[in-house]
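# Architecture and fold: a report
Chain by chain, the residues:
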Amino acid sequence: MSKRQELGQAKRWVVKIGSALLTDDGKGLDYAAISHWVSQIAALKKRGIELVLVSSGAVAAGMTRLGWTQRPTEIHLLQAAAAVGQMGLIQNYESEFSQFGLHTAQVLLDHDDLSSRERYLNGRSTLRALMDLNVIPIVNENDTVVTDEIRFGDNDTLGALVANLIDADVLVIMTDQDGMYTADPRTHADAELISEMAAADARLDAMAGDGGSLGRGGMITKVRAARVAARSGADTIIVGGRQDSVLTRLADGESLGTYLWADQEPQAARKRWIAGHLQSRGTLVLDDGAVAVLQKQGKSLLPVGVKQVIGDFKRGEMVVCKNLQGREVGRGLVNYHASDARQIIGHPSSQIAERLGYQGDAELIHRDNLVIV
Ligand SMILES: Nc1ncnc2c1ncn2[C@@H]1O[C@H](COP(=O)(O)OP(=O)(O)O)[C@@H](O)[C@H]1O
Ligand SMILES: N[C@@H](CCC(=O)OP(=O)(O)O)C(=O)O
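Cut-offs applied
Residues numbered from 1 in each chain as written. Chains lettered and ligands numbered in written order. Predicted model: local features only at pLDDT ≥ 70, side-chain atom pairs only at ≥ 80, totals over all residues. UniProt positions renumbered as here; feature names shortened; annotations may be inferred. Buried ≥ 20, exposed ≤ 12 C-beta atoms within 10 Å, placed from the backbone. Contact = placed C-beta atoms within 7 Å. Helix = DSSP H or I, 4+ residues; strand = E, 2+ residues; numbered from the N terminus. Pairing = 2+ DSSP bridges. Domains from an automatic or database assignment. Nonpolar A, V, L, I, M, F, W, Y, C, P; charged D, E, K, R; others polar. Axes fitted to C-alpha atoms, helices over the stretch in contact; angles between N-to-C directions.

- The name an unreviewed UniProt entry gives the protein is Glutamate 5-kinase, with Gilvimarinus gilvus as the organism.
- The Sequence similarities (unreviewed entry) field of the UniProt record for the protein holds the comment "Belongs to the glutamate 5-kinase family."

### Description of the UniProt feature "binding site: ATP" (unreviewed entry) in the protein
- With numbering matched to this structure, UniProt assigns "binding site: ATP" (unreviewed entry) to Lys16, Thr175 and Asp176. Their sequence span is 161 residues, while the largest C-alpha to C-alpha distance among them is just 12.1 Å; these annotated residues converge on one region.
- Here lysine 16 falls in the buried class, since 29 other C-beta atoms lie within 10 Å of it.
- When sequence neighbours within four positions are dropped, the list of residues in contact with lysine 16 reads Val54, Asn155, Asp156, Gly159, Leu171, Val172, Ile173 and Met174.

### Let's talk about the pairing of strand 2 (residues 50-55)
- Here strand 2 lies mainly inside the structure; 6 of its 6 residues are buried.
- Residue alternation in strand 2 divides its side chains into two sets, Glu50, Val52 and Val54 and Leu51, Leu53 and Ser55, and both sets are buried.
- Here strand 1 (residues 12-17) pairs with strand 2 via 6 bridges, running parallel. By the bridge assignment for strand 2, arginine 12 is matched with glutamate 50.
- Relative to strand 4 (residues 136-141), strand 2 runs parallel, the two being bridged by 2 bridges. Considered in strand 4, the bridge of leucine 53 is made with isoleucine 138.

### A word on the UniProt feature "binding site: substrate" (unreviewed entry) in the protein
- Annotation from UniProt places "binding site: substrate" (unreviewed entry) at Ser56, Asp143 and Asn155. With the annotated positions falling across 100 residues, the maximum pairwise C-alpha distance of 11.0 Å places them together in a single cluster.
- Assignment of secondary structure puts aspartate 143 in the loop between strand 4 and helix 8 (148-152).
- Take aspartate 143: there are 24 C-beta atoms within 10 Å of it, and that puts it in the buried class.
- Structurally, asparagine 155 is set in the loop between helix 8 and helix 9 (156-165).
- For asparagine 155, a count of 28 C-beta atoms within 10 Å puts it in the buried group.

### Here's the deal with the domain arrangement of the protein
- Here the protein is described as being made up of domain 1 (3-270) and domain 2 (278-372).
- Here the C-alpha centre of domain 2 lies 35 Å away from the C-alpha centre of domain 1.
- Across the contact, 4 residues belong to domain 1 and 6 residues belong to domain 2.
- Grouping the constituent residues of the side of domain 1 that touches domain 2 by class yields 2 nonpolar, no polar and 2 charged.

### Observations regarding the sheet that holds strand 7 (residues 235-240)
- An order of 3-4-2-1-5-7-8-6 is seen for the 8 strands of this open sheet, with the pairing classed as mixed. At either margin of the open sheet sits one strand with a lone partner, and together these are strand 3 (104-109) and strand 6 (196-198). The average undirected angle you get between the axes of adjacent strands in this sheet is 20°.
- Packed onto the sheet, helix 5 (residues 75-98) meets strand 2, strand 3 and strand 4 and runs at close to 150° relative to strand 3.
- This element, helix 11 (residues 218-231), spans strand 5 (170-175), strand 7 and strand 8 (258-261) of the sheet and lies at about 150° to strand 7.

This is the structure we're talking about:
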């Protein structure tokens, strides 16, 4: 089965809709196009696909609402326009999706949120809960407190970070060109559409040029985003969002746009990342029963099987799990601060709320975040 056909089996998608596309080259929001994408996303949901939408367009929508015809250059005015426009953007998505019986949720994130270990886990559990509730999370940059994306026009990286966050199988970046070409098609009439390549292929950089025609991110941020997505094993497709039924045709395995593949599977990539890229902040000493279920059944680590908490760590940091003889059996991202962990170890998860005064995760380390050695 080819990579493209495998897409039909991809369970979890992140779809990013870029400014260039949403605003029809800077001329206000394209409501008809949004309506068409929403109906396709609703069709994907019916096929059982879990999906997070990353949508730009707040500045453009805000400019229309404020009656501005010229895009301001001052960053604080762009931020103000984004804050005004985000309301209209979300309002529009909510009313479009409601026609298909679907709810939406507004999620505003920034890069710092995703590099802080605790916020990473919090964001991950919120997005997962929203997907479990069959709600469509609609993510944008929190432009009130960060300005990089407004300045550089790069929600692509945000899309990739969200793909990492939810362990997506695929990141679909919809833009105004049919995909990635061997050179910018606006300036090179002879440029050819690239069908597929490894995201890591260094030849992509030269072909991406250095920015879009609206002074925005262009293709280079999309190539970099594909590499970030590949870190958690997600493949990326850069595709023309104006093509008829583009999302459902992709799900059918049709060869549209440019396919930039990751060189490893999501689960393996995630575990490699946990094992290799994070410093350990503490140790959990496990009883024999917990060691056995972790090693033989691949289960999550529950507080009841932990004898001792060593060190001072925060939620989301990496801890080493050892057996009673002091040998490492695994490592993973812990769901509780060390002080809270100390209060719940040795007890069933049903007592967590009573012991801590809040109901956190039932697991001390979820199996998705655990690597057994
Ligand atoms: N190799 C290339 N292939 C396709 N488009 C390219 C390439 N190099 C530069 N571009 C430019 O990138 C633009 C898309 O980037 P951008 O305007 O940032 O879109 P978006 O808002 O969707 O992220 C295209 O309109 C095109 O002019
Ligand atoms: N967050 C901002 C701008 C982000 C942006 O333009 O990114 P991109 O779609 O990658 O060109 C907005 O919603 O208008």
